[in-house]
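This is what each chain is made of:
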Amino acid sequence: DTGVSQDPRHKITKRGQNVTFRCDPISEHNRLYWYRQTLGQGPEFLTYFQNEAQLEKSRLLSDRFSAERPKGSFSTLEIQRTEQGDSAMYLCASSTVGRQFFGPGTRLTVL
Amino acid sequence: KNEVEQSPQNLTAQEGEFITINCSYSVGISALHWLQQHPGGGIVSLFMLSSGKKKHGRLIATINIQEKHSSLHITASHPRDSAVYICAVNLSSFDDMRFGAGTRLTVKP
C-alpha cells in the first residue's frame, strides 16, 4: 500500500454512459497525476495538478474527459459518453517533488 | 518513435541469474525512474535517478546522462522478481512523466 487510494477499483459500463473515478493522494502531496494504461503498454500521461490548479493536460485528453481537484486534496476524473476505446487502467499518482507514489488503479471496461 | 525505449520487451531467466534491463531516452530529462508493476496493476517506484548509480538490496540502477541511457540490474534473481519493469522520465520542460512500454520479466525456479 503506497498511501494513494483509488475508487472504484473496477468499473464496467455501457458505451455512452458517463463514469467518474476518484483518487485520494497522500495527504501532504501537493502534486497529483492521472495516467492511462492499456494492455501491454506503459502508462500514458493524461493530466497533472499542483494543488487545485490543473497545470498540464495531454492531447490524449479529449473534451469528453475532465479532471478536477477542487480543494487541492482528492481528485476526480470524469469520462463522458464512454467509448470502447476508453477501456483501460486509469492510474493516479501523487508526489511532492520527484518520486511519485501510485495508486492501485481503476480498471474501466466499456461494453 | 517513442521518447523512452526499453529492451528487451520480454525476458525469461532462471533463478539466480544476473538480469539487465535497458532504457534509452531521446529527450532532456530532470530525472529517470524505474518502476515495478505486478499483475493486477499496482506500480511501485524502485528508483529515482538523476546521475550515477543507486543500489537497493539486489537491485542496482545506473544512468549515463551523456548517452541518455539507464540500466536496471537484478542480481541473484528470484521468481518473486517476476513483474513488468518500466522506465519513466521526468521531462525537463514540465513535470509529467513519459513511460517506456515495459519489460516483462519472468524468473523460473
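Here's a quick rundown of the structure. (Residues numbered from 1 in each chain as written. Chains lettered and ligands numbered in written order. Predicted model: local features only at pLDDT ≥ 70, side-chain atom pairs only at ≥ 80, totals over all residues. Heavy atoms only, no water.)

### Concerning the pattern of salt bridges
Residue and element names in this part refer to chain B. All chains considered together, the criterion is met by 6 salt bridges over all chains. Taking the shortest distance from any N to any O, the salt bridge between Asp81 and Arg58 comes out at 2.8 Å. Taken as a pair, Asp81 in the loop between β8 (69-74) and β9 (83-91) and Arg58 in the loop between β6 (52-56) and β7 (59-64) lie far apart in primary sequence, 23 residues in all. Asp81 sits in the buried class, given a relative accessible area of 7%. With relative accessibility at 26%, the residue Arg58 sits in the partly exposed group. (Salt bridge = Lys/Arg side-chain N within 4 Å of Asp/Glu carboxyl O. Helix = DSSP H or I, 4+ residues; strand = E, 2+ residues; numbered from the N terminus. Buried < 20%, exposed > 50% of the residue type's maximum accessible area, 1.4 Å probe, protein only.)

### Some details on the interface of chain B and chain A
Taken together, the contact between chain B and chain A spans 17 residues of the former and 19 residues of the latter. At the boundary of chain B with chain A, total buried surface from both sides reaches about 1500 Å², with 58% on carbon and sulfur atoms. In this assembly, chain B and chain A are joined by 0 salt bridges. Seen at the junction of chain B and chain A, the total is 1 residue pair in polar contact (both at pLDDT 80 or more). Among the elements of the structure, β4 (29-37), β5 (43-49), β9 and β10 (97-99) of chain B are those that each provide at least two residues to the side of chain B that touches chain A. (Contact = heavy atoms within 4.5 Å. Buried area = accessible area lost by both parts, 1.4 Å probe. Polar contact = N/O pair within 3.5 Å; in protein donor to acceptor, adjacent residues only side chain to side chain.)

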